[in-house]
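# Examining the three-dimensional arrangement
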Amino acid sequence: MQTTLVDLLTSAGLPDPLAHVIRALVPCVLIIHLVAVGALVFIWLERKVSGRIQDRLGPTRVGGRFGWLQTLADGIKLIAKEDITPGEADAMLFRIAPYVSFAASFAAWLAMPFAVGWSGLDMNVAVFFVLAVLGLEVFGVILAGYASGSKWSLFGAMREAAQVVSYEVPLGLCVVIPVFICGTMNLTTIGEMQRGFATNWLIFHDPFTFCVFWVYITCGVASVNRAPFDLAEAESELVAGFHTEYSGLRWSFFFMAEYGSMLLVSALAVILFLGAWHGPIPIFSIGLGWTDAGGILGYLASLAGCANLILKSSLGVIVMIWVRWTLPRLRIDQVMTTCLKYCVPLASFCFLGALAWQAWIPNVTPASLPAPFGIDRAAIRESWVTRAGGPHATVSDAQLTPQTASPVPTTLATQSVPDRNIPVAGSTAPIGREETP
Amino acid sequence: MMQAIPILLFFACAFATAVGMLVAGTLLGPKRSGAVKQMPYESGMDPAHSAWRRFDVRFHLVAITFLLFDVEVLFLYPWAVARKDKEHGLLAVVDQAQSSLIFIEVMVFVALLAVGFIYAWRKGVFHWR
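Calculation rules
Each chain has its residues counted from 1, running along the sequence as written. Chains and ligands are labelled by the order in which they are written, letters from A for the one and numbers from 1 for the other. Owing to the predicted nature of the model, reporting of local features is limited to residues with pLDDT of at least 70; listing and counting of side-chain atom pairs is limited to 80 or more, with chain, interface and lining totals taken over all residues. Side-chain measures here rest on the full set of heavy atoms in the structure, leaving out hydrogens and waters. Comment: elements are numbered from the N terminus, with helices defined as DSSP H or I runs of at least four residues and strands as E runs of at least two. The criterion used for residue contact is that any of the two residues' heavy atoms lie within 4.5 Å. In short, Shrake-Rupley with a 1.4 Å probe defines the accessible areas, and a residue's cover is counted only from the protein chains shown. The domain boundaries here were taken from an automatic or database domain assignment. Accessible surface is computed with a 1.4 Å probe, and the buried area is the amount of it that two parts give up when combined, taken over both parts together. Each salt bridge in this description consists of a side-chain nitrogen of Lys or Arg and a carboxyl oxygen of Asp or Glu lying within 4 Å of one another. Polar contact is the term for a pair of N or O atoms within 3.5 Å; when the atoms are in protein, one must be able to donate a hydrogen and the other to accept it, and sequence-neighboring residues count only if both atoms are side-chain atoms. Between the N-to-C directions of two axes lies an angle of 0 to 180 degrees, each axis being a line fitted to C-alpha atoms and, for a helix, fitted only over the stretch in contact. Each crossing gets its hand from how the near helix is turned against the far one by less than a right angle, where anticlockwise is left-handed and clockwise is right-handed. Charged means Asp, Glu, Lys or Arg here, nonpolar means Ala, Val, Leu, Ile, Met, Phe, Trp, Tyr, Cys or Pro, and polar covers whatever is left, Gly included. Only protein chains enter the accessibility calculation, which uses a 1.4 Å probe; a residue is then buried when its area is under 20% of its type maximum, exposed when over 50%, and partly exposed in between. The patch calculation keeps residues exceeding 30% relative accessible area without a salt bridge and links them within 9 Å when they carry like charges or within 5 Å when they are nonpolar (Val, Leu, Ile, Met, Phe, Trp, Tyr). In this description, a disulfide is simply a cysteine sulfur pair whose atoms lie within 2.5 Å. In this scheme, roughly parallel covers angles under 35 degrees and roughly antiparallel covers those over 145, while 65 to 115 is roughly perpendicular and the rest are oblique. Ring geometry is summarised as follows: Phe, Tyr and Trp rings, the Trp one being its six-membered ring, pair when their centres sit within 6.5 Å, and such pairs are stacked at plane angles under 30 degrees, edge-to-face over 60 and tilted between the two. When the NZ atom of lysine or the CZ atom of arginine is within 6 Å of a ring's centre and also within 35 degrees of its normal, the charge is said to sit over that ring. For every residue, the predictor reports its confidence as pLDDT, a number between 0 and 100. Only buried residues count toward a nonpolar core. Its members are Ala, Val, Leu, Ile, Met, Phe, Trp, Tyr and Cys residues joined through side-chain atoms within 4.5 Å.

## Some remarks on the overall build of chain B
Counting secondary structure elements, chain B contains three helices and zero strands. Starting at the N terminus and ending at the C terminus, chain B contains elements arranged as α-α-α. For chain B, the proportion of contacts with a sequence separation of at least 24, taken over those separated by at least 6, is 52%. In the structure as shown, chain B presents an accessible area of about 8200 Å², 69% of it carried by carbon and sulfur atoms.

## Looking at the domain arrangement of chain A
All names here are of chain A. Segmenting chain A into domains produces domain 1 (1–80) and domain 2 (87–413). Contact with domain 1, which involves 22 residues of that partner, is made by 23 residues of domain 2. A buried area of about 2100 Å², summed over both sides, lies between domain 1 and domain 2, and 80% of it is on carbon and sulfur atoms. Summed over the three residues of domain 1 that lose the most area to domain 2, namely Phe42, Glu46 and Leu78, the buried surface amounts to 30% of that side. Our count for the domain 1 to domain 2 interface comes out at one salt bridge. We note a salt bridge from Glu46 to Arg324, for which the minimum N-O separation is 3.2 Å. Run the count over domain 1 and domain 2 and you get three residue pairs in polar contact (both at pLDDT 80 or more).

## Considerations on the packing of helix α7 (residues 151–182) of chain A against helix α9 (residues 207–223) of chain A
Residue and element names in this part refer to chain A. Axis separation between α7 and α9 bottoms out at 9 Å; the angle between their running directions is 145 degrees. Relative to α9, the crossing made by α7 is left-handed. When α7 is examined against α9, the residues Gln163, Val164, Tyr167, Pro170, Leu171, Cys174, Val175, Ile177 and Ile181 are found in contact with a partner set consisting of Thr209, Val212, Val215, Tyr216, Cys219, Gly220, Ala222 and Ser223. Taken together, the residues that form the contact of α7 with α9 break down as 13 nonpolar, four polar and no charged.

## A look at the side chain of A:Thr71
Residues and elements named next belong to chain A. Mapped onto the elements, Thr71 comes out in helix α3 (residues 70–79). Engagement of the side chain of Thr71 in a polar contact is seen with the backbone oxygen of Leu40, the distance being 3.1 Å. The residues touching Thr71, leaving out its near neighbours within four places in the chain, are Leu40, Ile43 and Trp44.

## A look at the environment of A:Arg56
Residue and element names in this part refer to chain A. Looking at the secondary structure, you find Arg56 in the loop between α2 (16–53) and α3. Relative accessible area serves as the criterion here: at 40%, Arg56 is assigned to the partly exposed category. Spatially, the C-alpha atom of Arg56 lies 15 Å from that of Trp322, the residues being 266 residues apart in sequence. Discounting chain neighbours no more than four positions away, the residues touching Arg56 are Ser50 and Gly51.

## So, the interface of chain A and chain B
Reports of interface size often rely on the accessible area that becomes lost once the parts have come together. Between chain A and chain B, the residue contacts involve 94 residues of the former and 69 residues of the latter. Together, the buried faces of chain A and chain B total about 7300 Å²; carbon and sulfur atoms form 77% of this surface. At the boundary of chain A and chain B, one finds zero salt bridges. Scanning the region where chain A abuts chain B turns up one residue pair in polar contact (both at pLDDT 80 or more). Of all the secondary structure elements, the ones that give two or more residues to the side of chain A that touches chain B are α2, α4 (91–107), α5 (126–135), α6 (137–147), α7, α11 (248–272), α14 (332–360) and α15 (377–387) of chain A. Among the elements that line the side of chain A that touches chain B, the one with the most residues is α7(A), at 17 residues.

## Concerning the pattern of salt bridges
All names here are of chain A. Within this structure, the stated rule accounts for three salt bridges over all chains. For Asp74, the salt bridge goes to Arg47, with nearest N and O atoms at 2.8 Å. Of this pair, Asp74 sits in helix α3 while Arg47 sits in helix α2, and the two are 27 residues apart along the sequence. Classification of Asp74 by relative accessible area gives buried; the value is 17%.

## A closer look at a nonpolar patch on the surface
Residue and element names in this part refer to chain A. Taken together, the side chains of Val37, Leu40, Val41, Leu72 and Ile76 define a hydrophobic patch exposed on the protein surface, amounting to about 400 Å² of accessible area. Element by element, the count of residues in the nonpolar patch is highest for α2, at three residues. Looking at the secondary structure, you find Leu72 in helix α3. For Leu72, a relative accessible area of 42% translates into the label partly exposed.

## What to know about the state of the cysteines
All names here are of chain A. Throughout the structure, instances matching the rule amount to zero disulfides over all chains. In this model Cys306 remains outside any disulfide bridge; the closest cysteine sulfur is found in Cys28, 16 Å from its own. Assessed through its relative accessible area of 12%, Cys306 is described here as buried. Free of any disulfide, Cys339 has its nearest neighbouring cysteine sulfur in Cys343, separated by 6.0 Å. Of the residues examined, Cys339 reaches a relative accessible area of 0% and is grouped as buried.

## Section: the packing of α9(A) against α11(A)
Residues and elements named next belong to chain A. Between α9 and α11, the least distance of the axes is 10 Å, while the angle of their chain directions is 170 degrees. Between α9 and α11, the angle is such that the two are roughly antiparallel. Relative to α11, α9 is oriented so that their crossing is right-handed. Across the interface between the two elements, Phe213, Tyr216, Ile217 and Gly220 of α9 pack against Val265, Leu268 and Ala269 of α11.

## As for the packing of aromatic side chains
Residues and elements named next belong to chain A. What the rule picks out here adds up to 20 aromatic pairs over all chains. Each ring, one from Phe180 and one from Phe351, has its centre 5.6 Å from the other, and the planes form 90 degrees; the classification is edge-to-face. Of this pair, Phe180 sits in helix α7 while Phe351 sits in helix α14, and the two are 171 residues apart along the sequence. Each member of the pair, Phe180 as well as Phe351, is classed as buried. Among the aromatic residues, those joined into a cluster by ring pairs are Phe204, Phe210, Phe213, Trp214, Tyr216 and Phe273. Between the NZ or CZ atom of Lys312 and the centre of the ring of Trp201, over which it lies, the distance is 4.4 Å.

## Observations concerning the confidence of the model for chain A
Residue and element names in this part refer to chain A. For chain A, per-residue confidence averages 76 on the pLDDT scale, and residues scoring 70 or more make up 78% of the total. A low-confidence stretch, residues 364–374 (pLDDT under 50), is modelled with 18 contacts involving residues beyond four sequence positions or located in other chains. Across residues 388–437, where pLDDT falls below 50, the model places 124 contacts with residues more than four positions away in sequence or in other chains.

## Here's the deal with the side chain of A:Glu46
When you line up the elements, A:Glu46 lands in helix α2. The residues contacting A:Glu46, other than those within four sequence positions of it, are A:Arg226, A:Tyr259, A:Ile321, A:Arg324 and A:Trp325.

## Describing the nonpolar core
Counting 131 residues, the largest nonpolar core has A:Trp109 and A:Phe351 as the members making the most contacts within it. The element contributing the most residues to this core is α14(A), with 16 residues. Setting aside chain neighbours within four positions, we find A:Trp109 in contact with A:Ile31, A:Leu34, A:Val35, A:Phe114, A:Gly260, A:Leu263, A:Leu264, A:Ala267 and B:Phe10. A:Ala89, A:Ala97, A:Ala147 and A:Phe242 belong to the second-largest nonpolar core, a separate cluster that totals 10 residues.

Dropping the structure here:
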């Protein structure tokens, strides 16, 4: 059994609750930095990319080359700005709204795994948690629009509410497909099931998951209010939409929330469809065998996986930026039509198609090809399900069923996957009891 | 209880970060208020009337459709992780008849959903005039 951070702290004489609090604070602080630094980088990148797309240079001066400190300079400027609350506004709601947006966009990261065992909280219902908490962000926007006491803000907020609420339906339908293919809502398990070559990624599982990935991207862009779906802040019609009356740092929280959600939506796409922390060529898991090695090698493999996930998510954000500066903004009726008349039927069709595929021809998929490497989805899932009894429960061969035990390599079957390598990993029991054996 | 600590801490940290930065902003920023400055922005005109008025009924329809369909989609999640027995998930279906049964069951569910969807479509709920 690996020592976890909680074990380490309790053995050092700290009381158990305090150890758990410290264990929870570590990923919390790390993820705050990821979201904040991510927002800084992506805002700079958006300016650079939009500049290049429009044949401009974008920021060039601050920080020496490429204007890479431009966003930080702007942040400092925003701190020095006055924080105005309009007289007409409902002052308390007006002040609370940015917190709600920011907290929602940030707290959804809690359930996101960055590698096996590298998550704030290993949840059995992680997919559900992420979708639910991400949905909270719209409350901040509606509050902001309603509390501002300005017509522009109210119109922007109502549009946003209608749009986000509508796109939740196809988004949920898209996400349920990887969930039922893997038979679990645990994001770590879903990610681990795509281990191996890129053919094991769920996007290549069957033609329907390939289609639904693009529907997911469309709905994801819409649900975080990015252009071409950014009606809530349509500058040409609504001045600035729901944040017309906001100023200074309070205003910038909406942007941090927006960029945090963008990264979150693309990270979710990466975990659900694009192989999570596994690269297209399994250098670490199969080539070098570090992933199952434990110790410092396993830690390095997890670190590389984490970098892989963040890199792929950043590519997703870059695609969103690219789309924003390429496509014109839609009208509200076009947005609603896209959602209700195209995305929902398309997602439903893909859902049924993927289900039929799974029910009748699951074994002709490319996903079954790398099985000789000892990676069988059913086996991995079974090992995780039997693990659900506790974080330190190791899975023995005896616990696996005869059908699934044969292709499992002993390293995978005899070892509790999430507690493998780092102290931070897996010291909290998974919550939610959907898979209790 | 121990498992809820990270969730609560996450929300607390997010709030604390936001509050901390805003306090810094309040301390550093200027505070010069005035009647005109506090007026809601309406493209330079004096505001005609309060912004809190009645909404278009279309938003109400969207909300109702959302409630219907999103709750139905929520039902699919427990279905997706439900397993007929301990050993065989949907993934490791060994029994052809069983997998066909799972498929037909959810087909019925989606068909019922589709009836409601088509009804709403025919009624023009999705037509944003």
